[in-house]
Amino acid sequence: MGLKCGIVGLPNVGKSTLFNALTEAKAEAANYPFCTIDPNVGIVTVPDQRLDEITKYIKPQKVIPTAIEFVDIAGLVAGASKGEGLGNQFLGNIRETDAIIHVVRCFENDNVVHVDGSVDAARDIDVINTELLLSDLESLEKRVKKNDKILRANSKDVLLIQETAVMKKALEALENGKPARSVDYNEEETLLLKRLHLITSKPVLYVCNIGEEGEEGNAHFSKVSEIANSENNECISICSSLEAEIIELEGDEKLEFLESIGQTEPGLNRLIRKAYELLSLDTYFTAGEKEVRAWTIPHNAKAPRAAAEIHTDFEKGFIRAEVYHCDVLFELHSEQAIKEAGKFRSEGKEYVVKDGDVMHFLFNV
């Protein structure tokens, strides 16, 4: 399944530096606003130690991790919803993503100019969130007006009636200064909402770009954490300049550097996993001599839906799935041992796939 996270924030908060570190790309990172004219796109594999562990017991010809697409969207400024700083173009890019990674500057550095002249994390967040909200508000007002006009002429279009009702629920929240995601929607409404591509309906992860001294005693980081908690969003800290150094290192040199700064893995790994969790996703595995592969599925997906990730024919002709959890493999060390222990299960169409399942699908088309 295609997964796309948009990296947003004010100019000069470290978005492109973070993107470069994430993707090992060479997006231009300059000390002035609007240096990124088109969104840079990079595919990033999701770190998962379980993949490596599986290959200890099932030796494949190749290993394929799951991945997320990151889009580095140029810095937004106040007035973006009205077109300031190419705002309309960049807001359109955000609408195409599944989740928002909101990078907030939480470091002081006189050599890196701030678009508003000073570092103020709360103010910066408010600027971005306001522009996203205003963009959705303007879009929904137009669409509701158009739908109401159509419905007055033909009120029998059930789908249009339902869609308009969802629009009005979201519009009411936006008019009260709240994001569309703050409303409680039922399952059917949630599906309709997704089709609207509202920016403020997307989940948000705040990424605090901190200095090399860390997050302890950092008042900006504390403020962002407080804001994230109040919104039921998550917040992590990362030092993009350090991550840019780490990405250049390999092997023992990388491990030694991480140890010297008190880390066991790059902060980017945490960011990638958090982005994955943000989208309410699970991972299942297929494992054999040809390949061991991770597959991405929505949380609580049933077996046929999981099979569709491999090929739509697997879903259409689904018969059953042979399943065991990777933890059982780590304990017993082989599929044969799993079968002998009676832990190699056969599951039908209603089986809800668990994160970490290893699956073999039987199908007939």
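**Overview of the overall build of the chain**
Secondary structure summary: the chain contains 14 helices and 12 strands in total. At 23 Å, the chain has a C-alpha radius of gyration in line with the 21 Å of a compact globule built from 365 residues. Here the C-alpha coordinates of the chain stretch approximately 65 × 65 × 35 Å along the principal axes. Per-residue burial over the chain gives 48% buried out of 365 residues. Excluding contacts between residues fewer than 6 apart, the proportion of contacts in the chain whose partners are at least 24 apart in sequence is 69%. On the chain, roughly 18400 Å² of surface is accessible, and the fraction owed to carbon and sulfur atoms is 48%. Taking the 41 positively charged and 62 negatively charged side chains of the chain as two groups, their mean positions are separated by 9 Å.

**Brief notes about the sheet that holds strand S4 (residues 67–72)**
Read across the open sheet, the 6 strands follow the order S2-S4-S1-S5-S6-S7; overall the sheet is mixed. Looking at the sheet topology across the chains shown, the edges are occupied by strand S2 (40–45) and strand S7 (234–238). When strand polarity is set aside, the average angle formed by the axes of neighbouring strands in this sheet is 25°. Across 5 bridges, strand S6 (residues 204–210) lies against S7 in parallel orientation. Paired with Asn 209 across the strands is Ile 238, a residue of S7. Sheet contacts for helix H1 (residues 15–23): strand S1 (4–8), S2, S4, strand S5 (99–106), S6 and S7; angle to S2, the most-contacted strand, approximately 40°.

**A word on the layout of surface pockets**
Quantified by volume, the largest pocket comes out at close to 1500 Å³. Of all the secondary-structure elements, those providing two or more residues to the lining of the largest pocket are S5, helix H4 (121–153) and helix H6 (187–196). Within the lining of the largest pocket, the residues separate by chemical class into 18 nonpolar, 16 polar and 9 charged. In this structure, the second largest pocket spans a volume of roughly 680 Å³. Val 46, Pro 47, Asp 48, Asn 269 and Arg 273 are, among the 28 residues lining the second largest pocket, the residues nearest its centre. Contributions of two or more residues to the lining of the second largest pocket are made by H1, helix H2 (49–57), helix H9 (251–260), helix H10 (267–278) and strand S8 (281–287).

**Some details on the side chain of Glu 243**
Along the chain, the position of Glu 243 falls in helix H8 (residues 240–246). Summary of buried charges: Glu 243 has no salt-bridge partner, and the nearest side chain of opposite charge, Arg 270, is 6.0 Å away. A distance of 3.4 Å separates the side chain of Glu 243 from the backbone nitrogen of Leu 268, its partner in a polar contact. Those residues in contact with Glu 243 that lie beyond four places of it in its chain are Ala 21, Ile 238, Gln 263, Pro 266, Gly 267 and Leu 268.

What counts, and where the lines are drawn
Residues numbered from 1 in each chain as written. Predicted model: local features only at pLDDT ≥ 70, side-chain atom pairs only at ≥ 80, totals over all residues. Heavy atoms only, no water. Helix = DSSP H or I, 4+ residues; strand = E, 2+ residues; numbered from the N terminus. Rg over C-alpha atoms; globule rule 2.2 N^0.38 Å. Buried < 20%, exposed > 50% of the residue type's maximum accessible area, 1.4 Å probe, protein only. Contact = heavy atoms within 4.5 Å. Areas by Shrake-Rupley, 256 points an atom, 1.4 Å probe, with all protein chains shown as cover. Lys, Arg positive; Asp, Glu negative; His and termini not counted. Charge placed at Lys NZ, Arg CZ, Asp CG, Glu CD. Pairing = 2+ DSSP bridges. Axes fitted to C-alpha atoms, helices over the stretch in contact; angles between N-to-C directions. 1 Å grid on protein atoms, 1.4 Å probe; cavity = no way out; pocket = protein on both sides within 12 Å on 5 of 7 lines; lining within 4 Å. Points joined across faces, edges and corners; volume = space filled by probe spheres on them. Nonpolar A, V, L, I, M, F, W, Y, C, P; charged D, E, K, R; others polar. Salt bridge = Lys/Arg side-chain N within 4 Å of Asp/Glu carboxyl O. Polar contact = N/O pair within 3.5 Å; in protein donor to acceptor, adjacent residues only side chain to side chain.

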